[in-house]
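# Per-entry structural report
Here are the chains, one letter per residue:
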Amino acid sequence: MRIYHNNLHATLNQGFKPIWLIFGDEPWQKNDSLSVIKSTCLAQGFDEVIRFTADDKFDWSEITHEYQSMSLFSNQRIIEIELLTAKVNELAGKTLLALSEQFTNDVIIILHGPKLDAAQQKKKWFKSLENSGCFLPLYDIEGNQLNQWIIRQIKQLGLNIHQDVIPLMVQLFEGNLLALHQELQKLSILFGQTMVTIQDAEKIIINQAKFNPFQLIDTLLKGDLKKCIAILDQLQHEGAPINQLVWFLHKEISQLIKMQEKIKKGESINDLYKFYRIWDKKKPLYQHALTHTTLSNLCHGLSRLAQIDLISKTASEFNPYVLLSDVCITLYHGQATSKLPLNYEYS
């Protein structure tokens, strides 16, 4: 069984699950999911929690021994296993598969860790556990989903917030759900039932949005250039290394150039998805990028990126983060930027 975070409470109300699989990199959803599952199980009599942290040297026989042993303290137990890596080795897979064949109603296993790739999710051990219990993949909450999430949190906290505050919070905190939840809690403590205006929010809320290069690339593929510029601005404030951002952009633009060249030769876009191992979730992003960029603009963007790389290493009077915004714009509006030198801001 596979659900998403907003279905968690309803699923818990459906009854006992011997295994919970929670995988993903979004921290607020992970912390909240673990807390809600364990508190629900505690209310049902599972009042002992045994925790394990599994790295590549972990002895998986400990899990088997713990699962099969009788507890001195409680008849009903939770065994929580945190995986430090998304790569589950053969021995771990065999142990987990064996456990799936001997589940009882007295023990609940919570297995959580980083995001699992498609190959791991197709493994026999994972399919068996998912069929027996519940898999909760954690994805970033963005766009309209983030708006709905904020509205739900406002209701749960009993806040009275003016509708204009919600777009502000989306702008400031998209990509950092944990900080957003903390700010909502802060507003709840400070204002209680009193209306929170946009002016109140602007005075109190600190811009803690945290982005990463992967989000920059996804936003670029979508063609949301305004948000690309906002992300680059935030990454600059966070001290993201410029050479790292150049590497990510170079890798992505180079791949788009190769894909455009293959399309020109008659290859289908579905064949390209298979060749470049594009995940299903990413396919609409690439579809947009490939239909809204040209080979000429991509090559021009890559050339400007090379110049920016050199400028960032040899000159200090230019802001390389601003220049990277130029590259993002060039991919979609190359005719406009081709007439401008990279130092046009200072010309």
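Quick caveat: nothing in here was measured; it's all calculated off a predicted structure.

This model, assessed by the stated rule, comprises 11 aromatic pairs. A ring pair is formed by Phe 214 and Phe 248, whose centres lie 5.1 Å apart and whose planes are at 80°; its orientation type is edge-to-face. Of this pair, Phe 214 sits in helix α11 (residues 213-222) while Phe 248 sits in helix α13 (residues 242-264), and the two are 34 residues apart along the sequence. Residue class for Phe 248 comes out buried when judged on its relative accessible area of 16%.

So, on to the environment of Thr 294. Looking at where Thr 294 falls in the secondary structure, it is placed in the loop between α15 (283-292) and α16 (295-314). Sequence separation of Thr 294 and His 333 is 39 residues, and the distance between their C-alpha atoms is 9.5 Å.

What follows concerns the pairing of strand β5 (residues 134-138). Along a regular strand, successive side chains alternate from one face of the sheet to the other. The buried fraction of β5 is high, at 5 of 5 residues. Burial along β5 is two-sided: the residues Cys 134, Leu 136 and Leu 138 and Phe 135 and Pro 137 are all buried. The pairing of strand β1 (residues 19-24) with β5 spans 5 bridges and is classified as parallel. Bridge pairing links Ile 22 to Leu 136 in β5.

What follows deals with the environment of Ile 110. Relative to the helices and strands, Ile 110 is located in strand β4 (residues 107-113). Residue classification places Ile 110 among the buried positions, given a relative accessible area of 0%. Sequence separation between Ile 110 and Glu 80 is 30 residues; the distance between their C-alpha atoms is 4.7 Å. When sequence neighbours within four positions are dropped, the list of residues in contact with Ile 110 reads Trp 20, Ile 22, Leu 34, Ile 37, Lys 38, Ile 78, Ile 79, Glu 80 and Ile 81.

Right, let's talk about the sheet that holds strand β3 (residues 77-83) for a bit. Ordered by their spatial adjacency, 5 strands build an open sheet running β2-β3-β4-β1-β5, and the pairing between neighbours is parallel. Single-partner strands in this sheet number two, and they are β2 (48-54) and β5. In this sheet, adjacent strand axes meet at a mean angle of 15° when their direction is disregarded. Where β1 and β4 come together, 5 bridges link them in parallel fashion.

Here we come to the side chain of Arg 304. Along the chain, Arg 304 turns up in helix α16. Given a relative accessible area of 5%, Arg 304 falls into the buried group. A polar side-chain atom of Arg 304 sits 3.4 Å from the main-chain carbonyl oxygen of Thr 337.

What follows concerns the state of the cysteines. Tallied over the entire structure, the rule returns 0 disulfides. In this model Cys 228 remains outside any disulfide bridge; the closest cysteine sulfur is found in Cys 328, 4.5 Å from its own. Cys 228 sits in the buried class, given a relative accessible area of 1%.

The rules we used
Residues numbered from 1 in each chain as written. Predicted model: local features only at pLDDT ≥ 70, side-chain atom pairs only at ≥ 80, totals over all residues. Heavy atoms only, no water. Phe/Tyr/Trp six-rings, centres within 6.5 Å; stacked < 30°, edge-to-face > 60°. Helix = DSSP H or I, 4+ residues; strand = E, 2+ residues; numbered from the N terminus. Buried < 20%, exposed > 50% of the residue type's maximum accessible area, 1.4 Å probe, protein only. Pairing = 2+ DSSP bridges. Contact = heavy atoms within 4.5 Å. Axes fitted to C-alpha atoms, helices over the stretch in contact; angles between N-to-C directions. Polar contact = N/O pair within 3.5 Å; in protein donor to acceptor, adjacent residues only side chain to side chain. Disulfide = S-S within 2.5 Å.

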